[in-house]
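Descriptive analysis of the structure
Here's the letter readout for the chains.
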Amino acid sequence: REINLDAPPTSLTMDADGEEGVASTSLGSVWHIGGAGVPAIRIGGGHSARVLAMKFSDSGDLFASCAADGTVMVWAVRGFEHLQSFHAASACNCVTFSPAGRSLAAGYADGVVREMELGSTLGTSSEAFLAHASPVTVVQYANGGDCLVS
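A brief report on the enclosed structure follows. Note that residues are indexed from 1 along each chain, following the sequence as it is written. Under the rules for a predicted model, residues below a pLDDT of 70 receive no local features and side-chain atom pairs below 80 are neither given nor counted, while totals for whole chains, interfaces and linings still include all residues. Excluded from the side-chain calculations are hydrogens and water; all other atoms, namely the structure's heavy atoms, are used.

1. Regarding the sheet that holds strand 9 (residues 92-97)
Sheets are built from strands that pair by backbone hydrogen bonding, the pairs being arranged parallel or antiparallel. Put simply, the test is: Pairing between strands is defined by DSSP: at least two bridges between them are needed. Strands here mean DSSP runs of E at least two residues long; helices mean DSSP runs of H or I at least four residues long; both are numbered from the N terminus. Axis definition: a line fitted to C-alpha atoms, over the contacting stretch in the case of helices. Angles run 0 to 180 degrees between N-to-C directions.
The sheet built from four strands is open, its strands ordered 9-10-11-12 with antiparallel pairing. Two strands close off the open sheet at either side, each with one partner strand: strand 9 and strand 12 (127-130). Across the sheet, the mean angle from the axis of one strand to that of its neighbour is 15 degrees, orientation sign disregarded. With five bridges connecting them, strand 10 (residues 103-108) and strand 11 (residues 112-117) associate as antiparallel partners. Residue Leu104 lies in a different strand from strand 11, and its bridge partner there is Met116.

2. Things to note about the pattern of salt bridges
Stated formally: Just to be clear on terms, a salt bridge is a Lys or Arg side-chain nitrogen sitting within 4 Å of an Asp or Glu carboxyl oxygen. Relative accessibility thresholds used throughout: buried, under 20% of the residue-type maximum; exposed, over 50%; partly exposed, between the two (1.4 Å probe, protein chains only).
Counted under the stated rule, the structure contains one salt bridge. The salt bridge partner of Arg42 is Asp6, with a shortest N-O separation of 3.4 Å. Residue Arg42 is located in strand 4 (residues 41-43), and its partner Asp6 is located in the segment before strand 1 (9-14); the two are separated by 36 residues in the primary sequence. Arg42 sits in the partly exposed class, given a relative accessible area of 46%.

3. A short note on the sheet that holds strand 7 (residues 71-76)
The four strands are arranged 5-6-7-8 in an open sheet whose pairing can be described as antiparallel. At either end of the open sheet lies a strand with only one pairing partner, and these are strand 5 (51-56) and strand 8 (82-87). Across the sheet, the mean angle separating the axes of adjacent strands is 15 degrees when strand polarity is ignored.

4. Side note on the packing of aromatic side chains
How we decide: Stacked, edge-to-face and tilted labels apply to pairs of Phe, Tyr and Trp rings (six-membered ring for Trp) whose centres lie within 6.5 Å, assigned for plane angles under 30 degrees, over 60, and everything in between, in that order.
Following the criterion strictly, the structure yields three aromatic pairs and no others. Geometrically, the ring pair formed by Phe63 and Trp75 is stacked, given 5.9 Å between the ring centres and 10 degrees between the ring planes. One end of the pair, Phe63, is in strand 6 (residues 62-67); the other, Trp75, is in strand 7, with 12 residues separating them in the sequence. Pairing Phe63 with Phe80 gives two aromatic rings, centres 6.3 Å apart and planes at 55 degrees, and the pair type is tilted. Here the residue Phe63 occupies a position in strand 6, and Phe80 occupies one in the loop between strand 7 and strand 8, the gap between them amounting to 17 residues. For the pair Phe63 and Phe80, one class covers both residues: buried.

5. Regarding the pairing of strand 9
The element strand 9 is extensively covered by neighbouring structure, given that six of its six residues are classed as buried. Note: strand 9 against strand 10, five bridges, orientation antiparallel. Within the sheet, the bridge partner assigned to Phe97 lies in strand 10 and is Leu104.

Pasting the structure below:
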C-alpha cells in the first residue's frame, strides 16, 4: 500500500511482528504506520529538523527517534506519547536501546557516542564518549548489553 506523508520519508522502523511501524520525514515529523486499511497518523511533537534514525526497543513498548537538530526523543508505542528528550549540540545519526531497555545509546556527527539513562531527569545523559574522529553512523549494544560498539 502507498502512504502519503507531509514530506519525503527519512527513516522507517517496524515492530517485531512487522504489522505496525513508525516513519519520519525530512520536516522532522513522526508518523504511526498501522496495518492494512489503517491511515498513517502524525504523532504529536516531533523534531525541529530532519529525523535521521528510529529504533524500537527489544520489548516493543518504546521507540526512539533522533534528528539533525541533536535531539533524541523516546516515545511510548501505546498511545504514542512523547516520554523523554535528550539534547546535544551535534546532529544525531543513529540510536539503539540496551537489551534490558533501561538506557539507549546514540551516535553523533561530532564523533561522540552518548549513553542515556531512560527515566532520568529530562534532557540529561549519563555518559558521553569522544569515540571517533569522524561522525558516528552506527551504534549497537553487544555482549548482552555489557559492551557498546560503534
